[in-house]
Amino acid sequence: MAARGLRKDELDLTAWDKDVAPSTELRRALHHEGLAYEEFARRYRAELDSPAGRAALQALRERADGHVLTLLTATKPLERSAVPILIDLLPEGAQGHP
């Protein structure tokens with residue numbers, strides 16, 4: 001199902017993990033200020049290494065354990081989003097479907 005153009009309250013979501021998403025400042029730097037994707041990835045990984053980020057990432061891992069995990073993003077192209085970084089950080093065998 002394509003969710004483009006839908007508000008998050010219109011989606012049938014199990015969870016909306018704000019702490020696992022890149023900060024607003026970091027997203028703006030990437031999409032509006034021309035931050036290189038490699039630098040975005042470095043900073044995003046640092047955000048995920050914070051206590052809140054580690055807890056959110058662990059909760060995501062636990063939710064994914066043995067289940068299909070669907071990650072949503074509005075970013076195009078997908079390879080310049082947070083999704084590839086999250087998939088890389090999830091344990092082996094977890095399925096990430098953007």
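Keep in mind it's a predicted model, so treat the numbers as computed, not measured. (Residues numbered from 1 in each chain as written. Predicted model: local features only at pLDDT ≥ 70, side-chain atom pairs only at ≥ 80, totals over all residues. Heavy atoms only, no water.)

Caption draft 1: Region of the structure containing helix H3 (residues 51-64). For H3, spanning 14 residues, the distance from its first C-alpha to its last is 20 Å, which sits close to the expected 20 Å at 1.5 Å a residue. Considered for burial, the residues of H3 that qualify are Gly 53, Ala 56, Leu 57, Leu 60 and Ala 64. Down the axis of H3, the buried set is contained in an arc of 100 degrees. They therefore lie on one face. Among the exposed residues of H3, those oriented more than 90 degrees off its buried face are Pro 51 and Glu 62. Check the buried side of H3 and you find it contacts helix H2 (37-48), strand E1 (68-70) and helix H4 (83-89). The positive-phi residue at the C-terminal boundary of H3 is Gly 66, with phi of around 80 degrees. (Helix = DSSP H or I, 4+ residues; strand = E, 2+ residues; numbered from the N terminus. Expected span 1.5 Å × (residues − 1). Buried < 20%, exposed > 50% of the residue type's maximum accessible area, 1.4 Å probe, protein only. Arc of directions from axis to C-beta. Contact = heavy atoms within 4.5 Å.)

Caption draft 2: The arrangement of the nonpolar core in detail. Formed by 21 residues in total, the largest nonpolar core has its most connected members in Val 20, Phe 40, Tyr 44, Leu 60 and Leu 86. Of all the secondary structure elements, the ones that give two or more residues to this core are helix H1 (24-32), H2, H3 and H4. The greatest single-element share of this core, amounting to five residues, is contributed by H2. Apart from the residues within four sequence positions on either side, Tyr 44 is in contact with Val 20, Ala 21, Pro 22, Leu 26, Ala 82, Ile 85 and Leu 86. (Core = buried A, V, L, I, M, F, W, Y, C linked by side-chain atoms within 4.5 Å.)

Caption draft 3: Summary view of a nonpolar patch on the surface. Taken together, the side chains of Leu 13, Trp 16 and Leu 72 define a hydrophobic patch exposed on the protein surface, amounting to about 300 Å² of accessible area. The residue Leu 13 is located in the segment before H1 in this model. Residue Leu 13 is classed as partly exposed on the basis of its relative accessible area of 33%. (Patch = residues over 30% accessible without salt bridge, like charges linked within 9 Å, V, L, I, M, F, W, Y side chains within 5 Å. Areas by Shrake-Rupley, 256 points an atom, 1.4 Å probe, with all protein chains shown as cover. Salt bridge = Lys/Arg side-chain N within 4 Å of Asp/Glu carboxyl O.)

Caption draft 4: Main features of the environment of Pro 84. Mapped onto the secondary structure, Pro 84 falls in helix H4. The class of Pro 84 is partly exposed, set by a relative accessible area of 33%.

Caption draft 5: Layout of H2. Compared with an ideal rise of 1.5 Å per residue, which puts 12 residues at 16 Å, H2 spans 16 Å between its outermost C-alpha atoms and is within 8% of the ideal. By the burial criterion, the buried members of H2 are Tyr 37, Phe 40, Ala 41, Tyr 44 and Leu 48. Take H2 and look down its axis: the buried residues cluster within an arc of 100 degrees, on one side only. Residues of H2 that are exposed and angled more than 90 degrees away from the buried face: Glu 38 and Arg 42. Lining the buried residues of H2 we find H1, H3 and H4.

Caption draft 6: Summary view of the side chain of Thr 75. For Thr 75, the position within the fold is in the loop between E1 and H4. Those residues in contact with Thr 75 that sit more than four places away from it in its chain are His 31, Arg 80 and Ser 81.

Caption draft 7: Seen up close, the pattern of salt bridges. Tallied over the full model, the rule gives four salt bridges. The partner of Arg 43 in a salt bridge is Glu 39, with the nearest N and O atoms 2.9 Å apart. Linking Arg 43 with Glu 39, this pair stays in helix H2, spanning four residues, or about one helical turn. Residue Arg 43 is classed as partly exposed on the basis of its relative accessible area of 35%.

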